[in-house]
Amino acid sequence: MSHIVSHEPILMKFPGTNWDEEAGALVVPTAQAVAIATWLRDNDAFSLDYCSNVTGVDYLEREIKEKITNKEGKMETVARTEPSRMDVVYHLYSMQKQTGPLVFKQRTNREQPEVESLTPVWRSCELQEREVFDLFGVNFKGHPDQRRILMWDEFEGHPMRKDYTEPFDYEWEPTPHDEILEKHQRGKVIV
Amino acid sequence: MSILGGGVFKGMVVTLRNFVGSYFYKDRLTTNDYSWRPNDKLPQRAGDYPKEEGEQLRDTTTVTNYSRNFPMLLHDGGEPMDTVRCVACQICERECPPQCIYIEKSTEKKENASGKPQFYPATFDIDVSVCMSCQICVEVCPFDAIVMNSQFELSTPNRFGGLLLRRDDLLKSNDYYHRIHPEEAAARDQRIADEKAAKQAKKMAAAEAAKNKAEEKARAEAEANKDTADAEKDAE
Amino acid sequence: MSLDLIRDILIATVPLLVIFPTLFAFTTWLERKVLARIQNRVGPNKVGVPLTRYGGRLSLFGLGQPLADGIKMLFKENIVPRDADRLFHLLAPILALIPAMLVLCFLPLNFPWINDIQDSVKAFMLDGAVIFFFAISGLNTLAIFMAGWASRNKYSLLGGMRAIAQMVSYEIPLVLSAVVVVMMVGSLNANSIAGAQAGWNWFIFTPWGFAAFVIFFISALAETNRSPFDLPEAESEIIAGYFTEYSGFKFALFFLGEYIAIFAISGLAVTLFLGGGAGPGVAALPWLSVVWFLVKIFTLIAVMIWLRGTLPRLRVDQLMGFAWKFLLPLSILNIFIAGAALHLVAGERLADLDQKQPILRQLMEGANPLVVAGLWIGALLILYVAAKGLNQLNRAKVRPREYKYAE
Amino acid sequence: MNTATAPNYELIQQDGLETSLLEISMGPHHPSTHGVFRMDVKLDGETVVDLKPVFGYLHRNHEKLAENMSYLSSMPFTDRLDYFNSMANNWAYALAAEKLIEVEVPERAEYLRVVMAELTRLVNHVSLIGFFLNDLGALGTPLLYAFREREKILDLFEQASGARMMCNYFRFGGLRNDVPVGWIGRAREVVDRFPVFLDEYEQLLCENEIILSRTQGVGNLSRELAINAGITGPMLRASGVNYDLRKVDQYGIYDRFKFRVPYGEAGDCYDRFMVRMLEMRESVEILKQALEGIPEGPVMGNAPRVFKPNPAEVYGRIEGPKGELGFYLIADGTPKPYRYRVRPPSLINLTVLRDMCLGGKIADTVIILGSIDIVLGEVDR
């Protein structure tokens, strides 16, 4: 496996960023995103000149049960509710140094998702950011040509959101298949 | 090539060689000629089979004995419903990616091949127009009740009900399975036989363990009453 | 119009109208079979006489396929785009067919029944046959553009424009390479040109004749939109070019027109360079010349089909560059070489060469073989060097590349 | 230098004659767009002035489907991503999922995975060159030679996995079933006969003057733009960047095989065509070594019966025939993935389509699109 990119120097250089240990990703405030990205790309130590994957992740309001040892050293589960948020994840690689992925995240809220577009830094983000805009509804400031890419332009709603409900299927036709689907929905919930 | 148009001539030599070759080497022609006898029409409707169930009229060289198309339910010969293997546990219905299987469990139990009363599927529909022959149901089935058939001529003029195969269309005998997929069927039967043998051996081992435990207990009691008997003798 | 004149006209024209469309059917079958075999397929073999009683079928090696296509074309729905130019949409295929058929009459096919009809009806006796040939076959370009414009479809328009550019610019090398032969024979009459090559001394066996034949053949490919030059109906770029919006019998008419044009132009090539009906055994059975004529035409068509199965298509600008900057200068140079060679070999006997006898035999008796051989190699060498020079001149350095490997 | 500035073609004003550009929509139903893909092309005569790709005609939202199904159930759907090489897609998904749980893939399965991936690479490159020649105008001959060879390999797939194209053969921790007896012999025979076919193919294509003049210097892609635009696969190596995941990540057991990675320098259509031809020869080398060294033994590791990984984020990628095919999985402890993302090499390679086509002829657009090698199942997911 190409060796992993060390993230400590970034944390020192840009105090605004912090390291999300559980996901192994560098969380970057959207204000400094373009500056950090350009520095990562042009700096000789990193030279992360290849942004392989850009995608969005939608986190709903959920409460997580964690086993923590409280004061008496006993294991007990504490329920912690996590606020809803929307992530845009970038996987950065270096083709010159052939070094491994640096996961680079921008966080924003779910109601008005607004994130800095990194297309000026890496051209490979252009179509993928359009896809995140189309399927998640995240608005990319500074994107040269932000349009829907997979859905048709008059489509409302963003299908990949967790709380997306399907519109009425006006092209529905009676098929034996849909009896089976109804019977599925009625009794058994797919585990 | 230095001479003008040399590359073009080399290319034309290749096509000439292929043109001549296709008359001599038969393996160059990949398009195999399906049977052209008009009355040898491909069997169109699912129920449109000769008595030999599931047999395809055409030479099955075009369908190798590894290809999989749509699932079928297995029964161990004789009257299909008496020896059906499926116990309607509905794991395959839950795991099926396009959700094209629908099972309704029977209310009362019935004897199955090995004599144990067992549930059986009252209805077992597979919507063949939705099934994508991915063989996930065969993998997740713990009872080897569902396997893949290689029958692909299922086109029917009736658009709605025609492609919904009911339980009776799906039921096929185990030796039909041996006929279309010899290797896989043999391997599967071998595995079932091994498991049964292993279970048998385990049961016998458990039985022996239980038996000799019982003997020891009996022997221990025997000694115990012997001791008590000696003790009473000493006491007198 | 006396009765026997009408009879003679019918005798002269009806065979042409019957023989060539059946040859068209045979050529479509030949093309599909040869292309199939090149691609390791079997080609059409299903259409045949169904023998229901024996449960079999007489497959006739697929010879029924052209018939089936013809019938299919008759029954196909004849779609005309809503705002197409209806009149010209209908007229285009007819205009594509008429000149091709018309030009067929000038080929020196002396069928056995030809000598008992009046001379005035024998078309190929026309003195200006070659000129008339090129004039009429120019109409084909007009038909194709009419189809392209009338179907109101952007792709057809592109196809039509490409057709004009291509056919106009390949007309010139075509005519110039024919001029060489006419200069040798000294007459434009197709029959006398064929006569001048009796026996085995065809013009293709002379250096300038061979060069002229190659140029003529390449330009003929471009004239009839065949293989490396099939830009007007480039499937992969502009769907089907000028006949995108044609279906049913009009589409079949276009095809008939295209194939008859191929017959006509390869017939002319055979008359000019391959000695018309000349071939072994013609002296014994005069009508054998028709058989030889058709055999030569079919060899040329087989080469065209072979090219179609192998070569990809040129781009529009390369096509134009190839015609104007390569074929044209080469054919002009070829005319000079032919003139110089004739002058050197014949010398003062030039005046008294009579047209009726084969030109080459007369030229050969006088000169000693050494001079002729030297001339032969000299002419071919000059032509080859000129071709290489022109090729380097107008095309960027294009050659296969070497590739590096990383461990 | 990251966004190539397109030459500005303004509306044509020639001595008072105001004319407009010919706007053609080359798409979704067009003979050479390799699927339902549309390009709004503005033409000035035959030269391309502007080009806007439009996607989405084959969009099935494969990712939303995968988030409502168990991990195993979305494996057959990965066959439908790039339907030309289902084994490579399966491997990419299996590789990513295996990072979520600790499972040890047995030796025989690793060897068979390399054999299947390299066979799909052969099938993909051979068919692509056939389609590329079809776009150039050679009426089907190279394509049918390619399909003749592809049939032999598809028969091998059918014998191993049961289906010719939709194999669904890989599982987390190994393969679904072992290859039948005698399969290795048949595979070795097909692999030995492949170089003979490649020589014939190269003689037909590589020195043909018409192909040379039509493809050299067409659709140039510079090194910097290729890296910046995230281009991967043979298209990147044709522009001179030596980046092949089989050598960089060395996933599976690629480090045991000795093979070379061809790369070009001009980055035009001819280089992309030739790099794929030479890559096929390297794949044959790998296949020979792999088929020699296949050990006996099981093909399925000790994967758990119900695949329920504990919460983690993982990004697995392989060197697919079209480029880097990546799977980004977020597990949250339930048997269904929380987030399932496919990194489509075809879609990202299309970022530079406009830059390469501007200024060329419409015939060049068709070839450039052909040389990028896209499959719409993967572009639209």
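Residues numbered from 1 in each chain as written. Chains lettered and ligands numbered in written order. Predicted model: local features only at pLDDT ≥ 70, side-chain atom pairs only at ≥ 80, totals over all residues. Heavy atoms only, no water.

Within chain D one finds 15 helices and 11 strands. A compact globule built from 381 residues should have a C-alpha radius of gyration of about 21 Å, and chain D, at 22 Å, falls within 12% of that. Projected onto its principal axes, the C-alpha positions of chain D cover 80 × 50 × 35 Å. Counting over 381 residues, chain D shows a buried share of 71%. Here the contacts in chain D between residues at least 6 apart in sequence split such that 71% fall between residues at least 24 apart. Accessible area of chain D: about 11,100 Å², with a carbon and sulfur share of 53%. A gap of 6 Å separates the mean positions of the 42 positive and 52 negative side-chain charges of chain D. (Helix = DSSP H or I, 4+ residues; strand = E, 2+ residues; numbered from the N terminus. Rg over C-alpha atoms; globule rule 2.2 N^0.38 Å. Buried < 20%, exposed > 50% of the residue type's maximum accessible area, 1.4 Å probe, protein only. Contact = heavy atoms within 4.5 Å. Areas by Shrake-Rupley, 256 points an atom, 1.4 Å probe, with all protein chains shown as cover. Lys, Arg positive; Asp, Glu negative; His and termini not counted. Charge placed at Lys NZ, Arg CZ, Asp CG, Glu CD.)

Below, the discussion takes up the nonpolar core. Among the nonpolar cores identified, the biggest contains 280 residues, and Tyr-90 of chain A, Phe-216 of chain C together with Trp-183, Phe-273 and Leu-353 of chain D are the most heavily contacted of them. Looking at this core, the element that brings in the most residues is helix 4 (residues 107-136) of chain D, giving 15 residues. Apart from the residues within four sequence positions on either side, Leu-353 of chain D is in contact with Phe-37, Met-39, Leu-51, Pro-53, Ile-368, Leu-369 and Ile-372 of chain D. Counting 40 residues, the second largest nonpolar core, distinct from the first, contains Val-84, Val-140, Ile-146 and Val-147 of chain B. (Core = buried A, V, L, I, M, F, W, Y, C linked by side-chain atoms within 4.5 Å.)

A word on the interface of chain C and chain D. Of the residues lining the interface, 37 residues belong to chain C; the matching set on chain D comes to 56 residues. Summing both sides of the interface, chain C and chain D together bury roughly 4,100 Å²; the carbon and sulfur share of this comes to 58%. Looking at the side of chain C facing chain D, the largest losses of area belong to Arg-401, Tyr-403 and Tyr-405 of chain C, adding up to 17% of the total buried there. Glu-237 of chain C is the partner of Arg-214 of chain D in a salt bridge, and the nearest nitrogen-oxygen pair spans 3.4 Å. Connecting chain C to chain D are 19 residue pairs in polar contact (both at pLDDT 80 or more). Taken together, the elements giving at least two residues each to the side of chain C that touches chain D come down to helix 6 (154-185), helix 9 (235-238), helix 11 (288-310), helix 12 (316-346) and strand 3 (404-406) of chain C. The element contributing the most residues to the side of chain C that touches chain D is helix 6 of chain C, with 4 residues. As paired strands, strand 3 of chain C and strand 8 (residues 261-263) of chain D are joined by 3 bridges and run antiparallel to one another. Pairing of Tyr-405 of chain C across the sheet is with Pro-262 of chain D, part of strand 8 of chain D. (Buried area = accessible area lost by both parts, 1.4 Å probe. Salt bridge = Lys/Arg side-chain N within 4 Å of Asp/Glu carboxyl O. Polar contact = N/O pair within 3.5 Å; in protein donor to acceptor, adjacent residues only side chain to side chain. Pairing = 2+ DSSP bridges.)

A few words on the sheet that holds strand 9 (residues 312-320) of chain D. All names here are of chain D. Taking strand neighbours across the sheet as the criterion, the 3 strands line up as 9-10-11 in an open arrangement whose pairing is antiparallel. The open sheet has two edge strands with one neighbour each: strand 9 and strand 11 (339-343). Between one strand axis and the next, the sheet turns through 10 degrees on average, direction left out of account. Here strand 9 pairs with strand 10 (residues 323-331) via 9 bridges, running antiparallel. Across the sheet, residue Ala-312 finds its bridge partner in strand 10, namely Ala-331. Set on the sheet, helix 3 (residues 86-98) makes contact with strand 9, strand 10 and strand 11; between it and strand 10 the angle comes to about 40 degrees. (Axes fitted to C-alpha atoms, helices over the stretch in contact; angles between N-to-C directions.)

All right, on to the interface of chain B and chain D then. Taken residue by residue, the interface counts 28 residues in chain B and 31 residues in chain D. Buried surface at the junction of chain B and chain D, both sides included, amounts to about 2,600 Å², of which 52% is carbon and sulfur. Counting across the chain B and chain D interface gives 4 salt bridges. Glu-139 of chain B serves as the salt-bridge partner of Arg-176 of chain D, at 3.7 Å between the closest nitrogen and oxygen. Counting only elements with at least two residues in the side of chain B that touches chain D, the list comes to helix 1 (6-24) and helix 3 (136-140) of chain B. For the side of chain B that touches chain D, the element with the most residues is helix 1 of chain B, which contributes 10 residues. Of the residues assigned to the side of chain B that touches chain D, the class counts are 11 nonpolar, 10 polar and 7 charged. (Nonpolar A, V, L, I, M, F, W, Y, C, P; charged D, E, K, R; others polar.)

The next thing to look at is the confidence of the model for chain C. Summary statistics for chain C give a mean pLDDT of 85 and a share of 95% for residues scoring 70 or more. Here strand 2 (residues 56-58) of chain C stands out as the element of chain C with the lowest mean pLDDT, 68, in contrast to helix 8 (residues 207-223) of chain C, whose mean of 92 is the highest. (pLDDT = per-residue confidence, 0-100.)

With that settled, consider the sheet that holds strand 2 (residues 101-105) of chain B. Pairing between sheet strands relies on hydrogen bonds along the backbone, with the strands arranged either parallel or antiparallel. All names here are of chain B. As summarised here, the arrangement of the 3 strands in space is 2-5-7, forming an open sheet in which the pairing is antiparallel. Strands at the two margins of the open sheet, each flanked by one partner only, are strand 2 and strand 7 (164-165). With 2 bridges connecting them, strand 5 (residues 121-127) and strand 7 associate as antiparallel partners. What sits directly across from Ile-126, in strand 7, is Leu-165.

Bringing unusual backbone geometry into the picture now. Phi at Ser-133 of chain B takes a positive value of approximately 45 degrees, unusual for a residue other than glycine. Position of Ser-133 of chain B among the secondary structure elements: in the loop between strand 5 and helix 3.

What follows is about the environment of Ile-368 of chain D. Residue and element names in this part refer to chain D. For Ile-368, the location among the structural elements is in helix 14 (residues 362-372). Exposure remark for Ile-368: the relative accessible area of 1% places this residue in the buried category. If sequence neighbours within four positions are ignored, Ile-368 has contacts with Val-218, Gly-219, Cys-269, Leu-353, Met-356 and Cys-357.

In this section: the side chain of Ser-219 of chain C. Residues and elements named next belong to chain C. Of note, Ser-219 is situated in helix 8. Classification of Ser-219 as buried rests on a relative accessible area of 0%. Those residues within four positions of Ser-219 in sequence are excluded, and the remaining contacts are Tyr-170, Pro-173, Leu-174 and Leu-327.

Once that is clear, we can look at the packing of helix 1 (residues 3-38) of chain C against helix 2 (residues 64-75) of chain C. All names here are of chain C. Contact geometry of helix 1 with helix 2 gives a least axis separation of 8 Å together with a crossing angle of 115 degrees. Taken together, the axis directions place helix 1 and helix 2 in an arrangement best described as roughly perpendicular. Judged by the sense of rotation from one axis to the other, the crossing of helix 1 with helix 2 is right-handed. Two secondary-structure elements touch here, helix 1 through Ala-25, Thr-28, Trp-29 and Arg-32 and helix 2 through Gln-65, Pro-66 and Asp-69. Here the residues of the contact of helix 1 with helix 2 sort into 3 nonpolar, 2 polar and 2 charged. (Parallel < 35°, antiparallel > 145°, perpendicular 65-115°, else oblique. Left-handed = near helix turned anticlockwise from the far one by under 90°.)

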